[in-house]
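Examination of the molecular architecture
Listed below are the residues making up each chain.
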Amino acid sequence: MGRTVSIYLDDEFLDILKRQDKSMSGIVKEALRVYLKTAERKENFGKVIESAEKIGMSKDFKEAEREWLKDRERDRW
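Residues numbered from 1 in each chain as written. Predicted model: local features only at pLDDT ≥ 70, side-chain atom pairs only at ≥ 80, totals over all residues. Heavy atoms only, no water.

**A look at the overall build of the protein chain**
The number of helices and strands found in the protein chain is three helices and zero strands. Helices and strands in the protein chain line up, N terminus first, as α-α-α. For the protein chain, buried positions account for 5% of its 77 residues. Split by element, the accessible area of the protein chain, about 7,700 Å² in all, is 56% carbon and sulfur. (Helix = DSSP H or I, 4+ residues; strand = E, 2+ residues; numbered from the N terminus. Buried < 20%, exposed > 50% of the residue type's maximum accessible area, 1.4 Å probe, protein only. Areas by Shrake-Rupley, 256 points an atom, 1.4 Å probe, with all protein chains shown as cover.)

See the structure below:
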């Protein structure tokens, strides 16, 4: 289910948007999608770095895997 929102755009943005072939709502949706995906990727990249550092502290791969599964299970609940 969606919801209608209102945003303020100055004349410069309105002029640029009027020259596009897409609807304003389509352009705003696409911009939000790109913004949110980028933020999500940055957050997930941080998690990958953290996991890689933890693996580096383990004595062997199996130990790192067990620790990761334990952390994952704890985070899930």
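Moving on, there is more to tell.
**Points about the confidence of the model for the protein chain**
Parts of the prediction with low pLDDT should not have their coordinates interpreted in detail. Within the protein chain, residue pLDDT values average 79, and 84% of them lie at 70 or more. The element-level mean pLDDT for the protein chain is lowest in helix H3 (residues 61-76), coming to 72, with helix H1 (residues 11-18) highest at 86. (pLDDT = per-residue confidence, 0-100.)

**Some points on the pattern of salt bridges**
Applying the stated criterion across every chain, the model contains one salt bridge. Where Glu30 meets Arg33, a salt bridge forms, and the shortest distance between an N and an O atom there is 2.9 Å. Highlighted residues: Glu30 and Arg33, both in helix H2 (residues 24-57), separated by three residues, approximately one helical turn. The class of Arg33 is partly exposed, set by a relative accessible area of 45%. (Salt bridge = Lys/Arg side-chain N within 4 Å of Asp/Glu carboxyl O.)

**Examining a negative patch on the surface**
A surface patch of like charges, here negative, comprises Asp10, Asp11, Glu12 and Asp15. Relative to the assigned elements, Glu12 resides in helix H1. Residue classification places Glu12 among the exposed residues on the basis of a relative accessible area of 55%. (Patch = residues over 30% accessible without salt bridge, like charges linked within 9 Å, V, L, I, M, F, W, Y side chains within 5 Å. Lys, Arg positive; Asp, Glu negative; His and termini not counted. Charge placed at Lys NZ, Arg CZ, Asp CG, Glu CD.)

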